[in-house]
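These are the residues of each chain, in order.
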Amino acid sequence: MLISGVLILYFMTCIGFIGYLFTRNRQIVIAARILFILSVTAHLVFTIALSVKIHHLPVSSPPQAVNMMVLLASVVFTFLIWKKLTTVLAAFFLPVATFSLGFIAPSVGHNPGLFVESSKYWYPLHTLSVITGEAFFIVAFITSVVYLIHERVIKRGAIHNIASSLPPLAVLDRILYTCLSSGFIAITIGMMLGALWASSLDLEYAHIAPKILSGILTWFVFAFSVHQRFAIGWRGRRTAVITVIGFLVMIIGFISINLAYPHAHGIGLIP
Amino acid sequence: MNLIGCISINHKRASVELREKICIEPEHMAEILGKDCEAYTLNTCNRAEIYFRGVNPNAVYGLISGLSGIPEESIREVSDHLVGSEAVRHLFKVASGLDSLVIGESQILGQVKDTYRACLAAGITGTLLNKALHRAFRAAKRIRTETDIGKYPVSIASEAADLACHIFGDISASTVLIIGAGDMAGIAAKRLMSRGAKKMVIINRTHSAACDLARELNGVPMPFESLKTELASCDIVISSTGAPTPIITRDTIEAVMKQRKNKAIFIIDIAVPRDVESGVGKCYNCYLYDIDSLKSIVDRHFSKRKEQTSKALAIIETELDSFEKWIEALNANTTINDLFSLLESYIQEQIDVLPLDEKESALLEKTLRTSLRRFVHRPVSFLKDHPGIDHIEHTRRLFQLDEDYQDRHKR
């Protein structure tokens, strides 16, 4: 019931920000910002309620992981929408967020079970770190898409239509860099915690291999982007392209591993 | 009596040789204004216009001829004499830039306001022209905010500054490198400076010319040999030299981009023949615009401004309609009737509020009507005896008889 309300709020906010993108109307953006805050608050309330209901952090199934990713990415956007230059980024994020929430809504409440005693402390630390990194990756992906659109428009010289609302390339590049760096740190911490957690469990290597592969793949994409930025000076378009490719790799990896190994998210649960 | 007239000598019909001889200052008009007359004069590089009320147009033509030394017949041939709503419509169009050489340009509004201040100081404007000019300012403001007419830059310098803002955002932290000391580069540099560019570096083969432009722009002159070093540290490049072959090649930029660690660079090449090889635009994080690409953007903007003209004209018609309604109300009998209608509405309001029976209501109505009519008897008698525009306007403003006047106060 609550997730339906959250979905409706996200959908209304989405319409608001798309309306602002086309009209640049001040009243519309004020309404959209208020709706965004309400949406994120309602989403947070829903996640807390779910957590209370299932007695642990709701990230133990793929729909719950997606739910948490969207929530954390929305929190990052809560900061971005208050700046005039970056407000319109929400118009690109919200359709993705609304669609993802709509897709997972029917199964997000399903409880896969309780955790064994030894996993109770590792599990929230590991998953939250990894999902925070992935949430930053979502923001980086949205920023990259907007960067590539805006750059194309600038090269054509058609900057006075809808493109006039888009953030300047330098601003987008800064957001992209911040998200990749923050995401890289979060995902590195998450992987280290995951390794420690796995060593504390009596697991067969084959059981956790898909998760390790998925984690390493995502980590490599982050590491490559950050390295190219620092060492070679990749900026703008190249970083945006690699982020888009990396995000698609991460999504394909996430979906295929969860389809091929449905229990990959059930590590540490009471059998 | 209430008709505004206009004599307009503008770029559409009069040659620049003729226009430059005509300049009518408010003091000149003051000499021919009689009692209860008013005037407003506007002189810009593209037009000389006189708006007046209560003045014989022949006297105005005579004045122009006398001051400019041009025969009256020649002036009549190239000028437009507009009367009534045509004159007011023309004023609205002029103030909004719709009658300008570059449609939608905004400088004209500032010029109209400046000359209005001069006319006010000279005491030659009156109730009618004051109102018409204020309406003109309002129409111009509405057109600027409600249409996209001013959204599309139509000068190469403005377009370049806009593109720079789309790449760097705030250009106040950007360094601008100007190669060549020509006029075009100077204009583009000034536009970027007005947007807050941090630092200007000027390079020219003739160092003394670079120093001259640097003084004008408050920039730093550098020798031509330091071109590569400066390219590595600047953000925006404006090149406008007379060199017969490109001075910035793809190889140069590729080497520079390595030094810059691929930090974005925006190059505007306004030289003919070009100073920058076209392949430079393909370099990573390099944005190159030559004169042709900028001109094609500006041409597209011209046509977009023209598309917005019909929207702007519709705004002018609504403002003109509102102004004409105000003029119609500028009559002693209409004002007195409006005043009595206002009193009747007050009486009705009071009766509606109080819980009275029919007899008491009738008594109250009679008492209120007698008192209020006695109260306004003196202003009404005065208005009947002195039905001048000023007195009518003061009465209307004092009692807030015009809807838009009340609206303005509510805001």
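Please refer to the structure higher up on the page.
Below, the structure is looked at part by part. Fair warning: this is a prediction, and the values are worked out from it, not measured in the lab. Going along each chain's sequence as written, the residues are numbered from 1 onward. Whichever chain is written first is A, and whichever ligand is written first is 1; the rest continue in order. Given that this is a predicted model, residues contribute local features only at a pLDDT of at least 70 and side-chain atom pairs are listed and counted only at 80 or more, while totals for whole chains, interfaces and linings are drawn from all residues.

### Quick notes on the overall build of chain B
Assigned secondary structure in chain B consists of 17 helices and ten strands. Each residue is classed by its C-beta neighbour count within 10 Å, where at least 20 other C-beta atoms makes it buried, 12 or fewer makes it exposed, and intermediate counts make it partly exposed; the C-beta atoms are placed from backbone geometry. Per-residue burial over chain B gives 37% buried out of 411 residues. Working definition of a contact: two residues with C-beta atoms, positioned from the backbone, lying within 7 Å. Contacts in chain B between residues at least 24 apart in sequence constitute 70% of all its contacts with a sequence separation of at least 6. Note on conventions: DSSP H or I runs of at least 4 residues are helices, E runs of at least 2 residues are strands, and numbering of each starts at the N terminus.

### A few points about the overall build of chain A
A tally of regular secondary structure across chain A gives eight helices and zero strands. Reading chain A from its N end, one meets helices and strands in the order α-α-α-α-α-α-α-α. Taking all 271 residues of chain A together, 44% fall into the buried category. Pairs at least 24 residues apart make up 81% of the contacts formed inside chain A by residues separated by at least 6 positions.

### Brief notes about the sheet that holds strand 5 (residues 175-179) of chain B
All names here are of chain B. Pairing between strands is defined by DSSP: at least two bridges between them are needed. Reading across from one edge, 7-6-5-8-9-10 is the order of the six strands in this open sheet, with parallel pairing throughout. The sheet is open, and its two edges are formed by strand 7 (220-222) and strand 10 (286-290), each paired on a single side. Adjacent strand axes in the sheet meet at a mean angle of 20° when their direction is disregarded. In this structure, strand 9 (residues 265-269) lies alongside strand 10, joined through five bridges in parallel fashion. Across the sheet, the residue bridging to phenylalanine 266 is tyrosine 287, located in strand 10. Axes here refer to lines fitted to C-alpha atoms; in helices the fit is confined to the stretch in contact. Angles between the N-to-C directions go from 0 to 180 degrees.

### Here we look at the interface of chain A and chain B
Residue-level contacts link 16 residues of chain A with 18 residues of chain B. With three residues, the single largest contributor to the side of chain A that touches chain B is helix 6 (residues 169-200) of chain A. The nonpolar class holds Ala, Val, Leu, Ile, Met, Phe, Trp, Tyr, Cys and Pro. Asp, Glu, Lys and Arg form the charged class, and all remaining residues, Gly among them, are polar. Among the residues forming the side of chain A that touches chain B, the class breakdown is eight nonpolar, four polar and four charged.

### Things to note about unusual backbone geometry
In this structure, A:Arg24 takes a positive phi of about 55° despite not being glycine. Judged by the 14 C-beta atoms lying within 10 Å of it, A:Arg24 is partly exposed.

### Some words on the sheet that holds strand 3 (residues 47-53) of chain B
Note on sheets: strands pair through backbone hydrogen bonds, and any given pair is parallel or antiparallel. All names here are of chain B. Reading across the sheet, the four strands line up as 2-3-1-4 and stay open at both edges, with antiparallel pairing between neighbours. Looking at the sheet topology across the chains shown, the edges are occupied by strand 2 (38-43) and strand 4 (80-83). Along the sheet, successive strands turn relative to each other by an average axial angle of 15°, direction set aside.

### Side note on the pairing of strand 1 (residues 5-10) of chain B
Residue and element names in this part refer to chain B. Strand 1 sits mainly inside the fold: six of its six residues count as buried. Of the two faces of strand 1, the one carrying Gly5, Ile7 and Ile9 and the one carrying Cys6, Ser8 and Asn10 are both buried. Pairing of strand 1 with strand 3, which is carried by six bridges, proceeds in the antiparallel orientation. Bridge pairing in strand 3 links glycine 5 to phenylalanine 52. Relative to strand 4, strand 1 is paired through four bridges, and the arrangement is antiparallel. Bridge pairing in strand 4 links serine 8 to aspartate 80.

### Concerning the pairing of strand 6 (residues 199-203) of chain B
Residues and elements named next belong to chain B. The buried fraction of strand 6 amounts to four of the five residues, a majority that puts the element mostly inside the structure. Bridge count for strand 5 against strand 6 is five bridges, and the pairing is parallel. Residue pairing for strand 6: threonine 175 is matched across the bridge by lysine 199. Handedness of a crossover is defined as follows: orient the strands so they point away from the viewer, and if the path from the first strand over the helix to the second runs clockwise, the crossover is right-handed. For the crossover that starts at strand 5, traverses helix 9 (residues 183-194) and ends in the parallel strand 6, the hand is right-handed.

### Observations concerning the environment of B:Ala164
Residues and elements named next belong to chain B. Along the chain, alanine 164 turns up in helix 8 (residues 156-168). With 25 C-beta atoms packed within 10 Å, alanine 164 lands in the buried category. Residue contacts for alanine 164: discarding those within four places in its chain leaves Ile171, Leu192, Ile236 and Phe266.

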